[in-house]
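# Remarks on the overall topology
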Amino acid sequence: MSELRFNELRHEHVAYAIHRQERTFLPSREHCPLCPTKSGCPPTEIPRETFEIAVFDNRFPAFEQPHGAAEVVVYTDAHDASFGTLAPGRAEALMWVWRHRYAELGARADVDYVFIFENRGVEVGVTLHHPHGQIYGYPFLPPVPALELAADARLDGCAPCTLLARELQDGRRVLFESERVVAYVPHAARWPYEAHVVVREHRPSLLDCDAEDLRALAHGLQTLVRGYDALFARPFPYVMAVHQAPTAPPVGRGHLHVELYPPLRTAKKLKYPAGSEQGAGTFISDVLPEESAAELREAIARAG
Amino acid sequence: MVGKPAEPARSDQPQRRGRGDTTEQDSEREIVGPLEIEKLSKEDGRALILYSSAPPPRT
C-alpha cells in the first residue's frame, strides 16, 4: 500500500511505495517476467506461450485501487524487440491499447489523470529489458499536465496548438511532418535531444483520435525512435511521456502530444539533472535545439 | 476527483463509475477497434488483459 503525502513547500504530491524496493531488478532473460510462459516452466506474468500485447496490474504498484492505478503494457512477446522495431501494425495496435486503457482507467472515480509512459534504458532506471511501457492512473492532476493546462490561459487558447503553429512557422526545429502529426525539438527543450510528437489537429485525448490519427501517431513515434537509435548507432535511452486531457475536471482540456526526454548529450555522456536543474528548477543545456534538430533530421534520414 | 464541480459528460469521454467498482470478470472478450480483448484475473487477483488482432468481420 502506497502513502501519498503533500509537499507544501513545492506544492506537489510525493508517493511512498516502499514495497517497490523489492521489485524485480534486471533479471536474466531466462527469468524475464514479461516473456511468454514456456511449456513446463513456472508461469511468468503472462501465462500464454505466445501473445501480441498484454496489460496487467503492476505487481509492485506506485498507485492502486481505490487510490489510482499502475499497469504494465508489454508490447510484444519478443524479448529483444523495442518500440522502434515493432512491426508498423503492432505499433498501431499499441495506440489502440493506449486508447482503451485511457478510457477504462479514466472512467474510474479514483483516477483523475491517465499517464502513459515508457522508460527505455538503464540510464533512465529501467529494471526490465523486455519492451514495455507503463500506465499510472493518478488520483490527482500531476504538476506537469497542470502546468500545461495553465499555459493555455497565458497563451489565450490551446498552448500546444499555439506552440505547434510557432514551430511550423519557424521551421528550424521541425524534424518531420505529415498530414496528421508533426515532430519537433521544442524552442526551449530541456534535454539535448528532447523531441515532441504532436497531433496536428486539436485532439484532447486518444479518444478524440480516429484510426488515421492513431496510425500516424504510431508511425511518427517509431520514426523518431528509430532516428534516435541511428543518431549514435546505439540503443537510445529515453523517457516517453504521453500528455493528454485529464479524466476529471477540467475534462476535455489538453492536446494530445508525446514528449521524449533522452538523457544522452553525446554517445557516451549523460546529461544529469543536477544543482541548477534540481535545486533551482532551471535546466542548463549544452546543445542548441536548432543544432540537435539538424542532427536528428540526418539520423532520421539514415534510419530510413 | 476531489471538491471540483462536475463538468457535463461528453459522449466521447470516459464515463466515470463509483470508486472501487471494476468491470473485470474471470474471462471476458470484447472487440475494440482492430483488437480483440480478453480480460482475465490472475491468481492473486490482479487483472490481465490480452490484446490480439481481431478476426476480420464477416461479410
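Figured I'd write up the structure that's included with this text. Note that the structure is predicted; figures quoted are calculated from it, not measured. (Residues numbered from 1 in each chain as written. Chains lettered and ligands numbered in written order. Predicted model: local features only at pLDDT ≥ 70, side-chain atom pairs only at ≥ 80, totals over all residues. Heavy atoms only, no water.)

### Comments concerning the sheet that holds strand β4 (residues 69-74) of chain A
In spatial order, the strands read β7(A)-β8(A)-β9(A)-β11(A)-β10(A)-β5(A)-β6(A)-β4(A)-β3(A)-β3(B)-β2(B)-β1(B); together these 12 strands make up an open sheet with antiparallel pairing. Since the sheet does not close on itself, it has two edges, and those belong to β7 (174-177) of chain A together with β1 (27-32) of chain B, each with one partner. Here the strands of the sheet are splayed against their neighbours by 20° on average, with no regard to which way each runs. Bridge analysis of strand β3 (residues 53-57) of chain A against strand β3 (residues 47-53) of chain B gives four bridges, and the strand direction is antiparallel. Within β3(B), the residue paired with Phe56(A) across the bridge is Leu48(B). Those strands touched by helix α3 (residues 159-170) of chain A are β7, β8 (181-184), β9 (195-199) and β11 (257-261) of chain A, and its axis lies near 70° from that of β8(A). (Pairing = 2+ DSSP bridges. Helix = DSSP H or I, 4+ residues; strand = E, 2+ residues; numbered from the N terminus. Axes fitted to C-alpha atoms, helices over the stretch in contact; angles between N-to-C directions. Contact = heavy atoms within 4.5 Å.)

### As for the packing of aromatic side chains
All names here are of chain A. By the definition in use, this model includes 15 aromatic pairs over all chains. Their ring planes at 70° and their centres at 6.4 Å tell us that Phe-63 and Phe-140 sit as a pair that is edge-to-face. Of this pair, Phe-63 sits in the loop between β3 and β4 while Phe-140 sits in the loop between β6 (132-138) and α2 (143-154), and the two are 77 residues apart along the sequence. Using a relative accessible area of 7% as the deciding quantity, one classes Phe-63 as buried. For Phe-140, a relative accessible area of 12% puts it in the buried group. Ring plane angle 45° and centroid distance 6.4 Å describe the contact between Phe-115 and Tyr-138, whose orientation is recorded as tilted. You can see Phe-115 sitting in strand β5 (residues 113-120) and its partner Tyr-138 sitting in strand β6, a full 23 residues away along the chain. Both residues of the pair, Phe-115 and Tyr-138, count as buried. Members of the aromatic cluster, joined through ring pairs, are Phe-63, Phe-115, Phe-117, Tyr-136, Tyr-138 and Phe-140. (Phe/Tyr/Trp six-rings, centres within 6.5 Å; stacked < 30°, edge-to-face > 60°. Buried < 20%, exposed > 50% of the residue type's maximum accessible area, 1.4 Å probe, protein only.)

### Quick look at the packing of helix α1 (residues 88-106) of chain A against helix α4 (residues 211-231) of chain A
Residues and elements named next belong to chain A. Running from N to C, α1 and α4 point in directions that differ by 120°, and their axes come no closer than 9 Å. Overall, the two elements α1 and α4 adopt an arrangement that is oblique. The element α1 and its partner α4 pack so that their crossing is right-handed. Together, Pro-88, Ala-91, Glu-92, Met-95, Trp-96, Trp-98 and Arg-99 of α1 and Ala-211, Leu-214, Arg-215, Leu-217, Ala-218, Leu-221 and Gln-222 of α4 make up the contact between the two elements. Here the residues of the contact of α1 with α4 are counted per class, giving 10 nonpolar, one polar and three charged. (Parallel < 35°, antiparallel > 145°, perpendicular 65-115°, else oblique. Left-handed = near helix turned anticlockwise from the far one by under 90°. Nonpolar A, V, L, I, M, F, W, Y, C, P; charged D, E, K, R; others polar.)

### Considerations on the nonpolar core
Core analysis: the largest hydrophobic core is formed by 60 residues, its most contacted members being Leu175(A) and Leu221(A). With residues near it in sequence (within four places) discarded, Leu221(A) still touches Phe83(A), Met95(A), Trp98(A), Val197(A), Met240(A), Val258(A) and Leu260(A). (Core = buried A, V, L, I, M, F, W, Y, C linked by side-chain atoms within 4.5 Å.)

### Quick look at the side chain of Arg203(A)
Residues and elements named next belong to chain A. Mapped onto the elements, Arg-203 comes out in the loop between β9 and α4. Among the residues examined, Arg-203 registers a relative accessible area of 18% and is labelled buried. Non-local contacts of Arg-203, meaning those with residues more than four positions away in its chain, are made with Arg-180, Asp-208, Cys-209, Asp-210, Asp-213, Gly-254, His-255 and Leu-256.

### Details of unusual backbone geometry
Residues and elements named next belong to chain A. The omega angle of the peptide bond from Gln-65 to Pro-66 is 5°, so this bond is cis rather than trans. If you trace the backbone, Pro-66 turns up in the loop between β3 and β4. Of note, the bond from Pro-249 into Pro-250 is cis; its omega dihedral lies within 30 degrees of zero at 5°. By secondary structure assignment, the location of Pro-250 is in the loop between β10 (238-243) and β11. Phi at His-11 is positive, roughly 55°, even though this residue is not glycine. Within the secondary structure, His-11 sits in the loop between β1 (3-7) and β2 (12-16). The phi dihedral of Asp-156 is positive, around 60°, even though this residue is not glycine. Mapped onto the fold, Asp-156 is located in the loop between α2 and α3.

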